[in-house]
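# Coordinates in review
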Amino acid sequence: RGWSLAAAAAAGTVTAFAGSVISCQSELEPEDRLQRWRTSWSIPAGANPGFHLPAVNPLLSKHLHRLLAAPGKNAKELEAGLPSVLLPLCGKTNDLIYLSKQGLGVVGVEGIARPMFEFRLEQRAHGLRDFAPSVVSLVDGTWQDGSNFTPSPHFEGERAGSVYKTGANGLGYYTDSPRVWRGEVFTLESPVVSARPLHIIEGDMFDVTPSLIAQTTFVKSGKFDMAFDRGSLVALKPSLRDRYVSVLSELLKPGARILLVTVEYEQALVQNPPPWSVPMDEVRRLYPKKGWTVELLEELPSDLTQKNPKFRGVPATERAILITKKG
């Protein structure tokens, strides 16, 4: 069974018994970016958090042609091979399967395990097959499948991405994160059935690097042709935005495109975001002209006022924005 590190610390002792696990990712750490999302997913089985859309995002389907190809180009002019798309903070969104069926190789990043299990169950009827996780570990500078083991007869404190337990190699620290879920999406394309890879990294988006992508997913260059950001930028505290854009930029090829969906409202009127308000001026600050082109595709009244009690009576605007990385 699992053991709470906080509870163990409160007791003043930490003892590992056969089969017991002590998580080395403190859920009470103030800077734990994933804690809010653990709480959001702590809901009854069969229920969905409020940010989960039951269908494909309509702004994605409407503006997909702009994501697939920049003005004056078409999908055939993308580099040879399978075009790739990244979905940060993806949850179990239906957009993953949708993009796969548009002819793309898809990689998501999600910090919480529960939506991965639900995604596997819910999307089997839509062509998802062999979707299973593997722990990956950094060995001599290279990411490999499998859990690293460091023997330790006594608990020596937290180690990020590891659990302290008695396992196959004895008592000590075992790598537990990140994990990579790998599967395929099968689509009937008359007269043949095609399969495209769909991988999701279960881990912190801020820890994702080109080397992790290249060595653990089908995207061997470590960089993507495009990204779809519907619930990432708006989910992060403003203090994390610059770092997020830096991480995302490292994962994109020159010429790559981002379809970004934002919401804007009077921030002071809403308690306990997310989603956070991201005005157009903030988007342009984060993606400056020196390295990016920013094009507003559409803006419309947001339905947050009807769907989210926090936004009752608060006017909000939703925007679809196309961002292209210069290179």
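Residues numbered from 1 in each chain as written. Predicted model: local features only at pLDDT ≥ 70, side-chain atom pairs only at ≥ 80, totals over all residues. Heavy atoms only, no water.

### A few points about the overall build of the protein
From N to C terminus, the protein includes 9 helices and 15 strands. Put simply, the protein has 327 residues, and 48% of those count as buried. Sequence-distant contacts in the protein: of pairs separated by 6 or more residues, those separated by 24 or more amount to 65%. Roughly 16000 Å² of accessible area belongs to the protein as shown, and the carbon and sulfur atoms make up 54% of that amount. (Helix = DSSP H or I, 4+ residues; strand = E, 2+ residues; numbered from the N terminus. Buried < 20%, exposed > 50% of the residue type's maximum accessible area, 1.4 Å probe, protein only. Contact = heavy atoms within 4.5 Å. Areas by Shrake-Rupley, 256 points an atom, 1.4 Å probe, with all protein chains shown as cover.)

### Some details on the pairing of strand β6 (residues 142–145)
Residues in a regular strand point their side chains to alternate faces of the sheet. Across 4 bridges, strand β5 (residues 128–139) lies against β6 in antiparallel orientation. Note that in β6 the partner of Val136 across the bridge is Asp145. Between the end of β5 and the start of β6, which pair antiparallel, lie 2 residues, with Asp140 showing a positive phi angle near 50 degrees. (Pairing = 2+ DSSP bridges.)

### Examining the packing of aromatic side chains
For the coordinates displayed, the defined rule picks out 9 aromatic pairs. Aromatic side chains Tyr265 and Phe311 sit 4.8 Å apart centroid to centroid with 85 degrees between the ring planes, which places their arrangement in the edge-to-face category. One end of the pair, Tyr265, is in strand β13 (residues 252–265); the other, Phe311, is in the loop between α9 (304–307) and β15 (316–325), and 46 residues separate them in sequence. For Tyr265, a relative accessible area of 7% puts it in the buried group. Taken together, the ring pairs in this structure connect Phe117, Phe119, Phe131 and Trp181 into an aromatic cluster. Stacked on the ring of Tyr173, the Lys or Arg Arg159 has its end atom at 3.9 Å from the ring centre. (Phe/Tyr/Trp six-rings, centres within 6.5 Å; stacked < 30°, edge-to-face > 60°. Lys NZ or Arg CZ within 6 Å of the ring centre and 35° of its normal.)

### Observations regarding the nonpolar core
Within the largest apolar cluster, 43 residues are counted, with the highest numbers of intra-cluster contacts made by Leu86, Leu248, Ile258 and Tyr287. Counting only elements with at least two residues in this core, the list comes to β4 (105–110), α6 (210–216), β12 (224–229), α7 (241–250), β13, α8 (280–286) and β15. In terms of residues, this core owes the most to one element, β13, which gives 6 residues. With residues up to four places along the chain from it excluded, the contact list for Ile258 reads Leu67, Ala227, Asp229, Leu248, Leu252, Tyr287, Trp292, Ile321, Leu322 and Ile323. (Core = buried A, V, L, I, M, F, W, Y, C linked by side-chain atoms within 4.5 Å.)

### Things to note about the side chain of Arg319
Turning to its location among the elements, Arg319 is positioned in strand β15. For Arg319, a relative accessible area of 11% puts it in the buried group. There is a polar contact of 2.5 Å between the side chain of Arg319 and the side chain of Glu264. With residues up to four places along the chain from it excluded, the contact list for Arg319 reads Leu260, Val261, Thr262, Glu264, Val278, Pro279, Met280, Leu296, Glu298 and Glu299. (Polar contact = N/O pair within 3.5 Å; in protein donor to acceptor, adjacent residues only side chain to side chain.)

### Describing the pattern of salt bridges
Across all of its chains, the model carries 14 salt bridges by this definition. With a shortest N-O distance of 2.6 Å, Arg114 and Glu118 are connected by a salt bridge. Of the two residues, Arg114 and Glu118 are both situated in helix α5 (residues 114–123); the distance of 4 residues between them amounts to about one turn of the helix. Owing to a relative accessible area of 15%, Glu118 belongs among the buried residues under this scheme. Put simply, Glu156 and Arg159 hold a salt bridge, and the shortest N to O gap is 2.9 Å. Through salt bridges that share partners, Lys92, Arg114, Glu118 and Glu122 make up one connected network. (Salt bridge = Lys/Arg side-chain N within 4 Å of Asp/Glu carboxyl O.)

### Remarks on unusual backbone geometry
Residue Pro178 is reached from Ser177 by a cis peptide bond, and omega for that bond is 5 degrees. The residue Pro178 is located in the loop between β9 (170–175) and β10 (179–189) in this model. Following Pro274, the chain continues into Pro275 via a peptide bond in cis, with omega recorded as 0 degrees. Secondary-structure assignment places Pro275 in the loop between β13 and α8. The phi torsion at Leu89 lies on the positive side, around 45 degrees, for a residue other than glycine.

### Brief notes about α5
In an α-helix, one turn spans 3.6 residues; hence positions three or four apart end up facing the same way. Within the sequence span of α5, burial applies to Pro115, Met116, Glu118, Phe119 and Gln123. Down the axis of α5, the buried set is contained in an arc of 165 degrees. They therefore lie on one face. (Arc of directions from axis to C-beta.)

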